[in-house]
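Spelled out, the chains give:
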Amino acid sequence: MESSYSSTHDVHAANAAAPELFHSPVPYMILYHPCQSTRDSRTFLLAVPGSLQRIPLTGQQAEQLKHRSLHQHNFLEILFVLSGTVYPQIEETLYKCNAGECYILNRSIRHREEISAGSESLVLMISRDFLMRLIRHDAQHAPEYSCISSFETVRRLLEQTHRDFSCPAKEYAVYSPLPIEHAGASFSCILEEFRTLFRLMTEETRSRKPGSILVMEGLITRFFSMLEMPGLYRKSLIRLACTKEELLVNKITYIFEACHGNTGREELALLLNYNSDYLNRIVKRQTGMSLMSYGQLFCLKEAERLLLESSKSITEIVQGLGFSNRSYFYRVFEKKYGMPPKEYRKFHSIYF
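A short tour of the structure in this document, coming up. Remember, predicted model here, so these are calculated numbers, not experimental data. (Residues numbered from 1 in each chain as written. Predicted model: local features only at pLDDT ≥ 70, side-chain atom pairs only at ≥ 80, totals over all residues. Heavy atoms only, no water.)

Notes on the packing of aromatic side chains
- All chains considered together, the criterion is met by 23 aromatic pairs.
- A centroid spacing of 5.5 Å and a plane angle of 85 degrees characterise the contact between F333 and Y344, whose relative ring orientation is edge-to-face. Of this pair, F333 sits in helix 11 (residues 326-337) while Y344 sits in helix 12 (residues 341-351); the two residues are 11 residues apart in sequence, bridging distant segments of the chain. Summarising the burial analysis for this pair, F333 and Y344 share the class buried.
- One aromatic cluster in this structure is built from F80, Y175, F194, F198, F223, F224 and Y233. (Phe/Tyr/Trp six-rings, centres within 6.5 Å; stacked < 30°, edge-to-face > 60°. Helix = DSSP H or I, 4+ residues; strand = E, 2+ residues; numbered from the N terminus. Buried < 20%, exposed > 50% of the residue type's maximum accessible area, 1.4 Å probe, protein only.)

Here you go:
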């Protein structure tokens with residue numbers, strides 16, 4: 001496991017593409033990539049509260065996944081490599097990530113991952129609200145003499161993104177294992193501790209037993225405390241600059257999030273003091289979508305949230321989001337989520 005102790009990253013330039021924006025309605029998700037020796041097929045495990053799904057991919061699908069476009073999330077993403085090598089592309093740079101290394105990305109970072117056949121890794125995706133609750137609990141129960149929080153880095157990544165969303169920081173943290181004297185078995189034991197921790201997280205997430213959410217809070221807190229353990233990791237916090245266009249799209253995103261995409265082109269132009277056609281061109285260049293389609297994305301996300309978290313009827317949801325044509329809403333919802341709103345609510349009430 002010699003490569004596990006390397007704290008350097010092999011990088012080379014890569015071309016960025018228009019980012020996709022992913023939203024999760026659950027407080028956390030776990031995506032596990034088991035070690036597989038063949039390139040002909042892959043199986044990923046996806047754990048969300050109350051469910052564990054196997055996602056089989058053919059060799060062709062796995063190859064397509066390698067070349068998917070850059071994407072962003074509305075949550076914090078943590079990539080931890082347990083064995084082998086993973087190649088995360090962060091903005092325009094491709095990294096080589098070895099066993100024991102960990103990346104934490106805030107929501108402003110565009111990225112994608114290439115998982116090699118002989119590697120084992122885990123991606124933990126946690127919502128901001130869930131993390132903020134953990135941070136508050138950690139502060140309440142931390143010993144008075146403790147000056148370093150387990151969530152010091154996470155808090156910064158969250159605050160830099162949300163303090164002023166019109167000008168968010170693009171930041172990510174890299175944790176590289178430090179050389180340990182007489183390491184050999186020692187670091188293997190540490191990796192096994194992480195593996196056990198992830199196994200417990202997956203089981204608690206799948207089971208949804210009474211108190212499982214509280215157990216998960218403890219397990220995630222323990223994970224961050226291990227990363228911050230003195231002498232175990234070297235931590236690098238990396239900040240990237242935003243272009244003028246990215247800042248403008250961030251402002252548009254902030255407005256759309258606040259009003260669930262219910263802002264017209266001309267109203268947006270007045271708010272930002274830019275020509276509406278110019279805004280449309282910028283959004284198209286940065287996201288691959290027209291201004292109208294981009295706004296619709298946030299509207300549909302709110303519809304999804306209301307379907308899963310409220311008892312409102314579909315008619316009430318349609319009217320509340322400003323859709324004058326119910327058939328049109330059904331059409332665009334089914335195009336994005338693969339099933340009509342009623343079936344989507346029923347499916348998630350059963351499996352999630």
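A closer look at the pattern of salt bridges
- The full count for this structure, using the stated rule, is 12 salt bridges.
- Note that R285 is salt-bridged to E245, the shortest N-O span being 2.6 Å. Taken together, the residues span a long stretch of sequence, with R285 in helix 8 (residues 276-287) and E245 in helix 6 (residues 244-259) at a distance of 40 residues.
- Between E302 and R305 there is a salt bridge, and its shortest N-O distance comes to 2.8 Å. Of the two residues, E302 and R305 both sit in helix 9 (residues 291-309), three residues apart, roughly one turn of that helix.
- Taken together, the shared-partner salt bridges in this structure form one network comprising E120, E192, R195 and R199. (Salt bridge = Lys/Arg side-chain N within 4 Å of Asp/Glu carboxyl O.)

Quick word on the pairing of strand 12 (residues 111-115)
- Summarising burial for strand 12: four of the five residues are buried, a large majority.
- Inspection of the sheet shows strand 8 (residues 85-90) paired to strand 12 by five bridges, in the antiparallel sense. Within the sheet, the bridge partner assigned to I90 lies in strand 12 and is H111. (Pairing = 2+ DSSP bridges.)

Here's the deal with the packing of helix 7 (residues 265-272) against helix 8
- Orientation of helix 7 relative to helix 8, taken along the N-to-C sense of each, is 95 degrees, at an axis distance of 9 Å. With respect to their mutual orientation, helix 7 and helix 8 come out roughly perpendicular. For the pair helix 7 and helix 8, the contacting residues are R265, E266, L268, A269 and L272 in the first and S276, D277, L279 and N280 in the second.
- Residue composition of the contact of helix 7 with helix 8, grouped by class: four nonpolar, two polar and three charged. (Axes fitted to C-alpha atoms, helices over the stretch in contact; angles between N-to-C directions. Parallel < 35°, antiparallel > 145°, perpendicular 65-115°, else oblique. Contact = heavy atoms within 4.5 Å. Nonpolar A, V, L, I, M, F, W, Y, C, P; charged D, E, K, R; others polar.)

A few points about the nonpolar core
- Residues F80, I104, F194, M201, F223, F224 and L227 are the most contacted members of the largest nonpolar core, which totals 39 residues.
- Apart from residues lying up to four places away in sequence, L227 is in contact with F80, C102, I104, Y175, F194 and Y233.
- Ranked by size, the runner-up nonpolar core spans 22 residues in total, among them V26, Y95, Y172 and V174. (Core = buried A, V, L, I, M, F, W, Y, C linked by side-chain atoms within 4.5 Å.)

Overview of the environment of R107
- Considering the arrangement of structural elements, one finds R107 in the loop between strand 11 (102-105) and strand 12.
- Residue R107 is classed as buried on the basis of its relative accessible area, which comes to 12%.
- A distance of 2.7 Å separates polar atoms of two side chains, one belonging to R107 and the other to E257. (Polar contact = N/O pair within 3.5 Å; in protein donor to acceptor, adjacent residues only side chain to side chain.)

Remarks on the packing of helix 6 against helix 9
- One can describe the packing of helix 6 onto helix 9 by two numbers: an axis separation of 9 Å at closest approach and a directional angle of 45 degrees. Relative to helix 9, helix 6 is oriented oblique. The hand of the helix 6/helix 9 crossing is right-handed. Of the residues in helix 9, those touching helix 6 at V249, I252, T253, F256 and E257 are L291, Y294, G295 and F298. (Left-handed = near helix turned anticlockwise from the far one by under 90°.)

Overview of the environment of F151
- Mapped onto the elements, F151 comes out in the loop between helix 2 (128-141) and helix 3 (152-162).
- Counting along the chain gives 70 residues from F151 to T221, while the straight-line C-alpha distance between them is 7.9 Å.
- Setting aside chain neighbours within four positions, we find F151 in contact with L134, I135, D138, T221 and F224.

Description of unusual backbone geometry
- Unlike most non-glycine residues, E91 shows phi in positive territory, near 55 degrees.
- When you line up the elements, E91 lands in the loop between strand 8 and strand 9 (93-95).
- In this model, H260 sits at a positive phi of 55 degrees, which is unusual for a non-glycine residue.
- Tracing the sequence through the fold places H260 in the loop between helix 6 and helix 7.
- Of the residues examined, H260 reaches a relative accessible area of 29% and is grouped as partly exposed.

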